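# Overview (structure and organization)
Each chain is listed here by its residues.
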Amino acid sequence: MLDLATPFTPVSATLGGMIIGLSAVVLLAANGRLAGISSIVGTLISLKAGEPRLERAAFLAGLVLGPLVVAAVRGLPDQTLVADGAVLVAAGLCVGAGTIIGSGCTSGHGVCGVARLSPRSLVATAVFVLLGAITVFVIRHLI
Amino acid sequence: MRALFALLCGLLFGIGLTVSGMTNPAKVQNFLDIAGAWDPSLIFVMAGASLVALVGFRLAQKRQKPLFAPRFYLPAARRIDARLIGGSALFGVGWGLSGFCPGPAIAGLAWGNPQTFLFAAAMVAGMALARRFTPEAPEPAAAPAAE
């Protein structure tokens, strides 16, 4: 497991986090929307009328372009995947279904909801961090 | 104008995720590996993001309405129920297995790794299945916020 070790980077983590927070603030101030990625993706694929599809598609386009802007300045950082094949697909299904059923993910609950001191989001965040930690413990230390 | 600001915010979000290192699933999974190669960086990302948002949201909501929309669209749900807990638990399992949550999975497509596309496709399929087979969740747009 040592080959997977990553350095603790508190400065870039805090700076990147603050940029994410700024994005969430501008989106609320300008468009009145919360920057919850699972909700943005989830409603984009829905067939319901009246959803602001263009806004959501534009946000996701920006989300993919963001890393390329960073890449132009200082190159793309590492992206090391830790799962593949059937495990990766199963994980994707869990993340997709779980965030729709639980009405949010790390951005909607973990950032926006926590910032709004929403009790639902605080509970959701505690639950997904706990289950994430248990899952990693099982796959890295028990299996 | 709303689409332009959405694009700008998406761009900022993607830059923030990349700068913070959260587009690297190994780094995220290491945050969850408290008993092993623990990398606490993710706490600093969430703290930085939520502190800026905590202050910024309050300032933004001092106005009657957003700059370019008729009202603020905030979640109406208040109940902590089995749906919230079960969904979040399922998400946590997938997050632990892969080190991906929805934001980094979409932003991560920029790396062009076919495996990331596979994950994103499975994630979208999971979302579609959940929308098809579970009762309607309270929409973020449902709140009767100040008109």
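Please read all numbers here as calculations on a predicted model, not as lab measurements. (Residues numbered from 1 in each chain as written. Chains lettered and ligands numbered in written order. Predicted model: local features only at pLDDT ≥ 70, side-chain atom pairs only at ≥ 80, totals over all residues.)

### Points about the overall build of chain B
When you go through chain B residue by residue, the secondary structure sums to 6 helices and 0 strands. The secondary structure elements of chain B, listed N-terminal to C-terminal, are α-α-α-α-α-α. Overall, the C-alpha framework of chain B stretches about 50 × 35 × 30 Å when taken along its three principal axes. With 147 residues in all, chain B has 56% of them scored as buried. Sequence-distant contacts, at least 24 apart, represent 55% of the contacts inside chain B between residues at least 6 apart. (Helix = DSSP H or I, 4+ residues; strand = E, 2+ residues; numbered from the N terminus. Buried ≥ 20, exposed ≤ 12 C-beta atoms within 10 Å, placed from the backbone. Contact = placed C-beta atoms within 7 Å.)

### Points about the packing of helix α1 (residues 10-31) of chain A against helix α3 (residues 41-60) of chain B
It is at 7 Å that the axes of α1(A) and α3(B) come closest, and there the two elements cross at 30°. Relative to α3(B), the element α1(A) is oriented roughly parallel. You can see that α1(A) and α3(B) cross each other, and the crossing is right-handed. Of the residues assigned to the contact of α1(A) with α3(B), the class counts are 19 nonpolar, 8 polar and no charged. (Axes fitted to C-alpha atoms, helices over the stretch in contact; angles between N-to-C directions. Parallel < 35°, antiparallel > 145°, perpendicular 65-115°, else oblique. Left-handed = near helix turned anticlockwise from the far one by under 90°. Nonpolar A, V, L, I, M, F, W, Y, C, P; charged D, E, K, R; others polar.)

### Some thoughts on the nonpolar core
Counting residues in each nonpolar core, the largest one holds 92 residues, and the members touching the most others are A24(A), V25(A), L28(A), V111(A), C9(B) and A53(B). Considering each element in turn, this core owes the most residues, 12 residues, to α1(A). (Core = buried A, V, L, I, M, F, W, Y, C linked by C-beta atoms within 7 Å.)

### Notes on helix α1 (residues 2-20) of chain B
All names here are of chain B. Between its first and last C-alpha atoms α1 spans 26 Å; for 19 residues at 1.5 Å apiece the expected length is 27 Å, and the two agree. Extensive coverage of α1 is indicated by the burial of 15 of its 19 residues. In the segment just after α1, G21 is the residue with positive phi, at about 85°. (Expected span 1.5 Å × (residues − 1).)

### Regarding the interface of chain B and chain A
Facing the 105 residues of chain B at the interface are 106 residues of chain A. Elements represented by at least two residues in the side of chain B that touches chain A include exactly α1, α2 (25-32), α3, α4 (82-98), α5 (102-107) and α6 (114-133) of chain B. Of the residues contributing to the side of chain B that touches chain A, the split by class is 68 nonpolar, 29 polar and 8 charged.

### A closer look at the confidence of the model for chain A
The predicted model of chain A has a mean per-residue pLDDT of 94, with 98% of residues at 70 or higher. The element-level mean pLDDT for chain A is lowest in helix α2 (residues 37-44) of chain A, coming to 93, with α1(A) highest at 98. (pLDDT = per-residue confidence, 0-100.)

### Considerations on the environment of T6(A)
Residues and elements named next belong to chain A. Counting through the fold element by element, T6 comes out in the segment before α1. Judged by local crowding, T6 falls into the partly exposed class, with 19 C-beta atoms found within 10 Å. Along the chain, T6 and G102 lie 96 residues apart, while their C-alpha atoms are 30 Å from each other.

### A few points about unusual backbone geometry
Residues and elements named next belong to chain A. For S103, which is not glycine, the phi dihedral falls at a positive 60°. Within the secondary structure, S103 sits in the loop between α4 (85-101) and α5 (108-115). A positive phi angle, close to 55°, is found at L117, a residue other than glycine. With respect to the secondary-structure elements, L117 resides in the loop between α5 and α6 (119-142). On the basis of neighbour counts, which here come to 11 C-beta atoms within 10 Å, the residue L117 falls in the exposed class.

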